[in-house]
Amino acid sequence: MTAQVRGLRQDGAAGMAALLEIRGARRSFATPEGGRVTALDGVDLDVGANEFVTLLGPSGCGKTTLLRAISGFEALDAGTIRLDGQDVAPLPPFRRPVNTVFQSYALFGHMSVARNVGFALEVRGVPRAERDRAVAEALEKVGLAGFGARRPAQLSGGQRQRVALARALIARPRLLLLDEPLSALDRGLRQQMQIELKTLQHGLGIAFVFVTHDQEEALTMSDRIVVMRAGRVEQTGTPREIYRRPRTRFVAEFVGETNLFETVVERIEGSQARLRTPEGLAFTAPARGLAPGARATLVLRPADFSLGAAGAGIAGRVERAVYLGQDLHLLVRPEAGGPAIRVTVRDGAAAPEPGAKVSLVHDADAAHLLEEAE
Amino acid sequence: MSRRRERAVLALLLAPVTLYLGVFFLVPLATIVVFSFLTPGLYGGVEWSFYHWNYGRIFGWADGITEVFEPVYLRILGRSLGFAALTVAICLVLCYPVAFWVSRLPERWRALFLFLVTLPFFSSLIVRLYAWLLILRPSGLLGEGLMALGLRSTPLELLYTPVAVVLGMVYVMIPFMFLPLFAAIDTLDRAQVEAALDLGATRTQAFLKVVLPQTLPGIAGGAVIVFIPSVGNFIVPDILGGARGLMVGNLVEQQFLAARNWPFGSALSVIIMTVVLTVLLVFVARLRARGA
């Protein structure tokens, strides 16, 4: 089964055709050992004209192959890619109205920053004066005015990143592809660039397709996240949907820290279901059509738990406490047995030490059940 | 370590090579320059008196009594430069695409291919050139082969022609062109080629604006390393060249060994060195100007 993605309708832009439409994309590669590995196994994807879509997944999930198929560096074995309704399969990379920011930036080392940025105009034969004006404007926009005469080697990582961005945007593509562009930056700079990228995308009014394996990056920037796994789309949704309502165990575990409990429905009380694990831990979750006796996988994020009064909720002992400034990460081993539970609480005077006995209560409204039966 | 001590150690480390090159390179070089201005002895050797006719014979001042101007020397010098330039050009055209191909091979095959490129160094140049002789002579492999295939009705007259000399020199020089080219092409960032295409450059534009400029150091290195020994080469024309393929290196050899006119041979050598050095300096200066 392939996951159908109807992003525009979800985002309330119904009636407008998608800028990018991918249907049934398939691609496999020969391995050196003589076998074949499937990089894309029937992917569908729609991207709206001013949408920030992130392809999120572990390495080898096919996200980079999908990106390269859009830019024209990989051909599909089957399936279609349409841009503005037009099939791009016959177009070589240089004829596609799509530009890319490469992971390594791929700046031309033998050219000045200005010539790098103006390259797309240079190869189109845009006159020198016009080009210089556009380059100055583009450098200004990414905060690098006055850096035109330098060589890429004389810039810092963050500055190179901006040059790559300015270079990819100067030809005003309808769609910008970004292949893990922030992975080489240190943490502070990465967070700053995340905000800048989002602001830039919004201001330019063009679509971004952003590839990353960093779930935090995906949550921060995206209008919509496409979680990929083994060449398939596992789930598509807004960052909140992906985080709060993961459909599968894979999504729940890949995006953010999580606690998963295999439970059986004991009884339904109004809109709430009482669940119990084999070890005897009791939970409450929204009922949503569950029947007593059904098996359900429960998702609770570390922040969905809080410390309750003694005797209430799940009794356990703190195995490990990690201090993170405002927050405290606890690993709590339930006394009834079963895997340790990850809990995030605000740090304060009453913060428990390792070895302390605690009881955990959880927010029943935040509890989420996976769709797939396990 | 103190500054003085550092210098002492450096001097100690540099002394052997300085001494070696001083004795075995600079002294012979100076000898040749000095000899080129001396009078040839009647039965070989030199007489220690200034004599400019060595150069007069070549460049056109001659009194017609002591020495006669012979334009053939300039012609042969020109031919040598032409052959060397042609060798560089053919080696470049042959090696460039192959270097690209090899740089894309899996590691295992690459190592094998690089070994194959250096394989000729494992046997004597003379032996390999005699093998070419067997291939090129009218009754040789090439001639008989073409006739057997019905492509020619008369034996191929390749041996002892300029074509044979250039063929032979290209053969000898290919590894010297290939290795620096490969080094430059192998370190080329492929993502940059993709970036160029992505930004709208056609394949030709991507090659001219991104690939070629970045592999220029390899091209320059290969060209220099092939050009210098090619200009003065005398073994290849000696074995494959005959009279029409004679190069300036053969003249030098003849003057020193057969004619026993060391001053004249020295004058020819000095001219080769000057020409090669000039070509090199102009070439490097141009490359620098481009790079800046």
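Worth saying up front: this structure is predicted, and the values here are computed from it rather than measured.

(A) Structural view of the overall build of chain B. A tally of regular secondary structure across chain B gives 12 helices and two strands. When its helices and strands are written in sequence order, chain B yields α-β-β-α-α-α-α-α-α-α-α-α-α-α. Relative to its length of 292 residues, chain B is extended, with a C-alpha radius of gyration of 24 Å against a globular reference of 19 Å. Its C-alpha atoms put chain B at 80 × 70 × 35 Å along the principal axes. Here the analysis covers contacts within chain B between residues at least 6 apart in sequence; of these, 63% occur between residues at least 24 apart. Working note: accessible area of chain B is about 16500 Å², and carbon and sulfur atoms make up 72% of it. Chain B carries 21 positive and 14 negative side-chain charges, and their two centres are separated by 7 Å.

(B) How the structure looks around the interface of chain A and chain B. Contacts between chain A and chain B engage 26 residues on the former and 19 residues on the latter. Roughly 1800 Å² of surface becomes buried between chain A and chain B when both sides are summed, with 59% attributable to carbon and sulfur atoms. When the buried area of chain A at its contact with chain B is split by residue, A:F94, A:H110 and A:V123 rank highest and sum to 30% of it. Linking chain A with chain B are two salt bridges, by the criterion used here. Across the salt bridge formed by A:R68 and B:E194, the nearest N and O atoms sit 2.8 Å from each other. Seen at the junction of chain A and chain B, the total is 10 residue pairs in polar contact (both at pLDDT 80 or more). Residue assignment for the side of chain A that touches chain B shows that the elements contributing at least two residues are α2 (63–71), β6 (98–101), α4 (119–122) and α6 (157–169) of chain A.

(C) Representation of helix α7 (residues 187–204) of chain A within the structure. Residues and elements named next belong to chain A. In this model, α7 (18 residues) spans 26 Å end to end at C-alpha, consistent with the 26 Å of a helix rising 1.5 Å per residue. Every buried residue belonging to α7 is among R190, M193, Q194, L197, L200 and Q201, and all of these are buried. Relative to the axis of α7, the buried residues are bounded by an arc of 140° and lie together on one face. Across α7 from its buried face, at more than 90 degrees, point the exposed residues I195, T199, H202 and G203.

(D) Structural context of the side chain of A:D304. Residues and elements named next belong to chain A. Tracing the backbone through its elements, the reader meets D304 in the loop between β14 (295–300) and β15 (305–307). Of the residues examined, D304 reaches a relative accessible area of 7% and is grouped as buried. Ignoring anything within four residues of it in the chain, the contact list for D304 reads R244, V361, H362, D363 and A366.

(E) Structural context of the sheet that holds strand β13 (residues 282–286) of chain A. Residues and elements named next belong to chain A. Read across the open sheet, the five strands follow the order β13-β12-β11-β14-β20; overall the sheet is antiparallel. Edge positions in the open sheet fall to β13 and β20 (368–369), since each of these has one partner strand only. Of the strand pairs in this sheet, β14 and β20 are connected by two bridges, and their pairing is antiparallel. Looking at the pairing, L298 lines up with L369 of β20.

(F) Up close: the pattern of salt bridges. All names here are of chain A. Within the structure shown, the criterion is met by 32 salt bridges over all chains. K198 serves as the salt-bridge partner of D223, at 3.2 Å between the closest nitrogen and oxygen. With D223 in the loop between α8 (215–221) and β9 (224–229) and K198 in helix α7, this pair connects stretches of sequence that are 25 residues apart. Residue classification places D223 among the partly exposed residues on the basis of a relative accessible area of 27%. Across the pair R333 and E319 runs a salt bridge whose closest N-O atoms are separated by 2.8 Å. Placement of R333 in strand β17 (residues 327–334) and of E319 in strand β16 (residues 314–324) is noted, with a sequence separation of 14 residues between them. The class for R333 is partly exposed, based on a relative accessible area of 33%.

(G) Looking closely at the sheet that holds strand β3 (residues 52–56) of chain A. All names here are of chain A. Read across the open sheet, the six strands follow the order β6-β7-β8-β3-β9-β10; overall the sheet is mixed. Each edge of the open sheet carries a strand with a single partner, namely β6 and β10 (232–237). Here the average twist between neighbouring strands, direction ignored, is 20°. Across five bridges, the pairing between strand β7 (residues 175–179) and strand β8 (residues 207–212) is parallel. In the sheet register, D179 faces β8, and the bridge partner there is V211.

(H) Structural context of the packing of α6(A) against α7(A). All names here are of chain A. Contact geometry for α6 and α7: axes closest at 12 Å, N-to-C directions at 15°. With respect to α7, the element α6 is oriented roughly parallel. Here α6 and α7 pass one another in a crossing that is right-handed. For the pair formed by α6 and α7, the contact residues are G158, Q161, R162, L165 and L169 on the first element and L189, Q192, M193, E196, L197, L200 and L204 on the second. When its residues are assigned to classes, the contact of α6 with α7 shows seven nonpolar, three polar and two charged.

(I) Looking closely at the pairing of β6(A). All names here are of chain A. Residues of β6 alternate between two faces, with V98 and T100 on one and N99 and V101 on the opposite face, all of them buried. Pairing analysis gives four bridges linking β6 to β7, with the strands arranged parallel. Its bridge partner being in β7, T100 is matched across the sheet by L177.

(J) Inspection of the domain arrangement of chain B at higher detail. All names here are of chain B. By domain assignment, chain B separates into domain 1 (1–35) and domain 2 (73–289). Computed from C-alpha atoms alone, the centre-to-centre distance between domain 1 and domain 2 is 33 Å. Counting from both sides, the interface comprises four residues of domain 1 and, opposite them, six residues of domain 2. At the boundary of domain 1 with domain 2, total buried surface from both sides reaches about 440 Å², with 83% on carbon and sulfur atoms. Interface area lost by domain 1 to domain 2 is led by L29, I32 and F35, which between them contribute 89%. Inspection of the region where domain 1 meets domain 2 yields zero salt bridges. The tally of links from domain 1 across to domain 2 stands at zero residue pairs in polar contact (both at pLDDT 80 or more). For the side of domain 1 that touches domain 2, a count of residues per class yields four nonpolar, no polar and no charged.

Thresholds applied
- Residues numbered from 1 in each chain as written.
- Chains lettered and ligands numbered in written order.
- Predicted model: local features only at pLDDT ≥ 70, side-chain atom pairs only at ≥ 80, totals over all residues.
- Heavy atoms only, no water.
- Helix = DSSP H or I, 4+ residues; strand = E, 2+ residues; numbered from the N terminus.
- Rg over C-alpha atoms; globule rule 2.2 N^0.38 Å.
- Contact = heavy atoms within 4.5 Å.
- Areas by Shrake-Rupley, 256 points an atom, 1.4 Å probe, with all protein chains shown as cover.
- Lys, Arg positive; Asp, Glu negative; His and termini not counted.
- Charge placed at Lys NZ, Arg CZ, Asp CG, Glu CD.
- Buried area = accessible area lost by both parts, 1.4 Å probe.
- Salt bridge = Lys/Arg side-chain N within 4 Å of Asp/Glu carboxyl O.
- Polar contact = N/O pair within 3.5 Å; in protein donor to acceptor, adjacent residues only side chain to side chain.
- Expected span 1.5 Å × (residues − 1).
- Buried < 20%, exposed > 50% of the residue type's maximum accessible area, 1.4 Å probe, protein only.
- Arc of directions from axis to C-beta.
- Pairing = 2+ DSSP bridges.
- Axes fitted to C-alpha atoms, helices over the stretch in contact; angles between N-to-C directions.
- Parallel < 35°, antiparallel > 145°, perpendicular 65-115°, else oblique.
- Left-handed = near helix turned anticlockwise from the far one by under 90°.
- Nonpolar A, V, L, I, M, F, W, Y, C, P; charged D, E, K, R; others polar.
- Domains from an automatic or database assignment.

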